[in-house]
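Observations on the model geometry
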Amino acid sequence: MSKPDYVEIVEEVFYKYKDKKTEEFKYLGKNVVRWDAIAKITGQPIFTADLLKLVKNPVFVYSVRTKYAHAKVKGVDYSDALKYPGVLAVFTAKDVPGINDVGYVIPDQPLLADRKVRYIGDTVALVVAESLENAREAGELVQVDYEPLKVYLDPLEIIDPETLEEKPHELIHDERGTDILTRYKIRVGDVEKAFKEAAVVVENKYETPFQEHAYIEPEAAIAIPEPDGGVTIYAKTQCPFDTRKAVANVLGLPFNMVRVIAPALGGGFGGAEDVGNEIAAKVALVATRLKRPAALIHTREESIIGHTKRHRTISWYRHAAARDGTLLAVEAKVILDKGAYASLGPFVAWRAVVHSTGPYKVRNAKVDVVAVYTNKIPGGAFRGFGNPQVTFPVERQMDLLAEELGMDPVELRLKNVLRNGDRTVHGQLLDHGVGAEEVIKKAVELSGWYEKRRLYASLTGPVRRGIGIAIFYHGNSIGAEGADYSSASVIIQRDGSIIFRTGLTDMGQGAIQGLINILAEVLGVPPNYIKVEAADTAATPDAGPTVASRSTAMGGNATLVAAYKLRQRLNKLAAELLGCGSPDDVVIEAPKVYCKDDPSHAITWRELVEQAFWKGVPLQEFGFYRAPPAEWDEETGTGAPYFTYTYGAIVSDVEVDLETGVVRVKEATTVYDIGRVINRTGAELHAIGGYIQGMGYALMEDLYYDSEGRLMNNNLSTYHIPTARDVPEKFNVYFVEAGYYHAPFGAKGLGEPSIVAIAPSIANAVVNALRSKQANKLVNKHPLTPDYVYGLIKKAGVKP
Amino acid sequence: MVKVTLTVNNVKYELDVPPLERLIDTLRYRLGFTSVKEGCGRGECGSCIVLVNGNPVHSCLALTSRLDGAEITTLEGLAPAGKMHAIQVAYIEARGVQCGFCTPSFIMVTKALLDRVSDPDDKTIREWHSSVLCRCGSYPYYFEAVKRAAKYLKEGKVYFDEREVREKYHLKVLAR
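These figures come from a predicted structure and were not determined experimentally. (Residues numbered from 1 in each chain as written. Chains lettered and ligands numbered in written order. Predicted model: local features only at pLDDT ≥ 70, side-chain atom pairs only at ≥ 80, totals over all residues.)

1. Examining the sheet that holds strand β5 (residues 71-73) of chain B
Backbone-to-backbone hydrogen bonds pair the strands of a sheet. The strands run either parallel or antiparallel. Residue and element names in this part refer to chain B. Read from one edge to the other, the open sheet built from five strands follows the order β2-β1-β5-β3-β4, with strand pairing classed as mixed. Sheet topology places β2 (11-17) and β4 (55-58) at the edges, where each strand pairs with a single neighbour. Each neighbouring strand pair of the sheet contributes to a mean axis angle of 40°, computed without reference to strand direction. In this structure, strand β3 (residues 49-52) lies alongside β4, joined through four bridges in antiparallel fashion. Note on β4: the bridge partner recorded for isoleucine 49 is histidine 58. (Pairing = 2+ DSSP bridges. Helix = DSSP H or I, 4+ residues; strand = E, 2+ residues; numbered from the N terminus. Axes fitted to C-alpha atoms, helices over the stretch in contact; angles between N-to-C directions.)

Below, the structure is given as structure tokens:
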């Protein structure tokens, strides 16, 4: 069976350049200034709310949210609100013309609450007024008749942790008949036998916290009614094509009547997936009904209450090992605190189960992952997507095991880590670049692991130092979650400048720069010839969602395919014009184009483009790529869940104050195998920025609810994220490049991986600083806030 | 309504504002300076920092009606038309910009810092920069940008030609 041409192109390019060092490329792997830097450092209106200044006569939309976390809605009376000055309309569930649902994966989430509310954040009504202030004030006058129900904040009230059976309770999703959203499992080998034969068994309970994305730009959306009855929407969304689908469903319009444009995003990190759909649907509903532009701008409080979070988890892990450190079995139960709606929870839970045994050779495994609804803000997508929640327990377990065995944590990991030719726990053969061993060795070398382990063991006094390691792997792109495709278009203009279009969005992560670098490298033009159009469902091709660390690999493949085809045509033409022996002899180093044996006889890039125009050589190309199929057996948890994996090793060097419990990271070493560095600046920013975000997750971030289900820390004054003062003094960053043949020049993703193993590396370092076997067991959750760390220092009896 | 006269980016505005109008709303929505961002509305994230009489101020916590006669500088007014300020060029060259939402405020804080300390050490930079939150984690790059900007200013390079900077780092007009 012959392969599709796009697969052949990507493979051909991979093998052609496999042995070429990254530093020998002209644009790939270089430090470059990103394409949108100048707009950003001059304060141009590029974010959604900025665009309001270009919109004439808008109305403002305010979401009236429930005051109860779990209640029946018996009626909504908004007659007083309608009388408030400036108020134009109030909309409730009955005003939704299409389907009143914005659930991302399953239809369990009404846009406007109809008969029930399930968390404090559900929207009951939309108030529309001439000003945002008036809309907000009128919102206070909307009277809702609630019948309060029992509020469930702890998933263990709903599920029995022993049997994983659902307990009898008042259902949150009575329409589903169960509050268990989803279950996934792995059943491999003979776990019972392995535990019986094991020399060492370690077990512990773990908890990981909620995490708020805290992107600095709160959400905003603006809708403009179109003359044909359709609507154009500018919204903070990571996935404009998904947003279009959600809006079309809500309005009952065909997809081609809804146009969604994603301006620059002031951060996304996964958080701008669901909420983008929700706010877009709200403004679109209003704009199409009132025939005026409609705007919605969240305050920070509305943002924190109104968008999904990283799922909190509770897990129980048991590891069995032989005396020499060989892992024999892993048994685990992981409960995801789902919050009120599914959001992307089914996929998050699946990614969690796939990664639940870590990047190790595991032959016997029994794992259950269950997602349980509660009356809290829904868990959804957040950089890492289920993997940080299982990597924390796995990597803490490895350190418990190392202590039991009397082994160095690095040696234990090296003994068990996946290598080229190994099979994952799912039975997937790793037949290409596996850089896991190399990332560990490099991280050990750069961090000065062995010297510091020795030195820190001898320190005395109230301020201790510790160093810890954590490793991980992370499946690239969406794998068996769904159809995995990407596309891009490249149009060379008559003056030789280039327009590049893709439906992938930029939320700050800078993946688009990687695509520019690929395009520049293949065509032979400098990156500053290329203009990027913003993601727009009416103009840019659907490239799939901007999620799952897929932009560089999947978007890169589509870009590579388009660029390759254009380059082939231009080479053929240039060879004719210049008299080169073969099209392969053409060198394009724009503005110069020449045959490789005669650089002095050259034409310009612009002349080549002009000739192509007159000779009818097409100057535009569309690139498409579909990922190799993924496989997953629901009964056993086996198959090939992702086509490739990014590997990483993190070493954290911390200081622990025994008298205050304060933990500070002094030095961080991050080493990732990303196949090939395409955009070095972006990769380094991820290695460092991901660390800092992970450090917040490890040390300070969590959500706190009162007993009624109200979020208590709903602004940045109470939800703390790292500031400039918290940044480690030193970073050591390194990239291993074990390429993958189904990716552009071998590149794999780094967006999500850069946060996965930060928290366990810091926790392991804290344990190392405390030098106490008891503390090793007690460090079983994070954030490692001063009060928690101080408490465990006292419990473990650690003395200065 | 309160009558106030403000000088924003060297242009004088005579305004009638409600007594409780926040400076951020005056700058952002009344006058259209979009570099002034709202991130939290309570002086935590620092995205709305502007210079009022040379001092960095959270414009979400300041009332316009109390600022009669004030001189205000936003990022838009950092350099004359057609020019780019050395601090902006330093931020481009340090390559730390990611989502860019917080960047205008970091630049304004840097301006206020370098107006006071021409050669700040690491600790001072961290202290000043801790007034702005960056979730992408670009902090170390922004520390570097401050040092780079300090160097330019010491060399007397305050303004750069905007077109030259654009062509060097961004879109090029192609010669025939």
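2. What about the domain arrangement of chain A?
The extent of an interface is frequently quoted as the accessible surface area lost upon association of the parts. Residue and element names in this part refer to chain A. Taken domain by domain, chain A comprises domain 1 (5-30 + 485-626), domain 2 (48-149 + 219-297) and domain 3 (312-479 + 632-796). Taken together, the contacts link 14 residues of domain 1 with 19 residues of domain 2. The residue inventory of the side of domain 1 that touches domain 2, partitioned by class, reads six nonpolar, five polar and three charged. (Domains from an automatic or database assignment. Contact = placed C-beta atoms within 7 Å. Nonpolar A, V, L, I, M, F, W, Y, C, P; charged D, E, K, R; others polar.)

3. A short note on the domain arrangement of chain B
Residue and element names in this part refer to chain B. The assigned domain composition of chain B is domain 1 (2-77) and domain 2 (83-169). Once you take the C-alpha centre of each, domain 1 and domain 2 turn out to be 21 Å apart. Facing the 12 residues of domain 1 at the interface are 13 residues of domain 2. If you list the elements that add at least two residues to the side of domain 1 that touches domain 2, you get β3 and β4. With three residues, β3 is the largest single contributor of residues to the side of domain 1 that touches domain 2. Taken together, the residues that form the side of domain 1 that touches domain 2 break down as six nonpolar, five polar and one charged.

4. Some remarks on the confidence of the model for chain B
When pLDDT is averaged across chain B, the result is 96; 98% of the residues are at 70 or more. Scored as a whole, the predicted complex attains pTM 0.98, and scored at its interfaces, ipTM 0.97. (pLDDT = per-residue confidence, 0-100.)

5. With respect to the nonpolar core
Judged by nonpolar contacts, the single largest core of 330 residues is most densely connected at Val127(A), Ile233(A), Val283(A), Ile762(A) and Val766(A). Non-local contacts of Val127(A), meaning those with residues more than four positions away in its chain, are made with Tyr62(A), Val64(A), Ala81(A), Val87(A), Val90(A), Ala135(A), Ala138(A), Gly139(A) and Val142(A). (Core = buried A, V, L, I, M, F, W, Y, C linked by C-beta atoms within 7 Å. Buried ≥ 20, exposed ≤ 12 C-beta atoms within 10 Å, placed from the backbone.)

6. Re the sheet that holds strand β28 (residues 730-736) of chain A
All names here are of chain A. The mixed open sheet is built from four strands, whose spatial order is β16-β26-β27-β28. Either end of the sheet is taken by a strand with one partner, and the two such strands are β16 (463-475) and β28. With direction set aside, neighbouring strand axes in the sheet form an average angle of 15°. Of the strand pairs in this sheet, strand β26 (residues 645-657) and strand β27 (residues 663-673) are connected by 10 bridges, and their pairing is antiparallel. The residue bridging glycine 648 from the neighbouring strand is tyrosine 672, located in β27.

7. Considering the interface of chain B and chain A
With 43 residues of chain B at the interface, the matching set in chain A holds 53 residues. For the side of chain B that touches chain A, the elements supplying multiple residues, two or more each, are α2 (86-93), α3 (103-116), α4 (122-129), α5 (139-154) and α6 (162-169) of chain B.

8. Looking at the packing of α2(B) against α3(B)
Residue and element names in this part refer to chain B. At a minimum axis separation of 10 Å, α2 and α3 run at an interaxial angle of 130°. It follows that α2 is oblique to α3 by the angle criterion. Classified by chirality, the crossing of α3 by α2 is right-handed. Contacts from Ile87, Gln88 and Tyr91 in α2 reach Thr103, Ile107, Thr110 and Lys111 in α3. (Parallel < 35°, antiparallel > 145°, perpendicular 65-115°, else oblique. Left-handed = near helix turned anticlockwise from the far one by under 90°.)

9. Observations regarding the packing of helix α17 (residues 680-699) of chain A against helix α19 (residues 758-770) of chain A
Residue and element names in this part refer to chain A. Close contact between α17 and α19 brings their axes to 8 Å; oriented N to C, the two are set at 55°. Here α17 is positioned oblique relative to α19, judged by the angle of their axes. For the element pair α17 and α19, the recorded crossing hand is right-handed. Between α17, through Tyr691, Gly694, Met695, Tyr697, Ala698 and Leu699, and α19, the contact on the second element is made entirely by Ile758, Ala759, Ile762 and Ala763.

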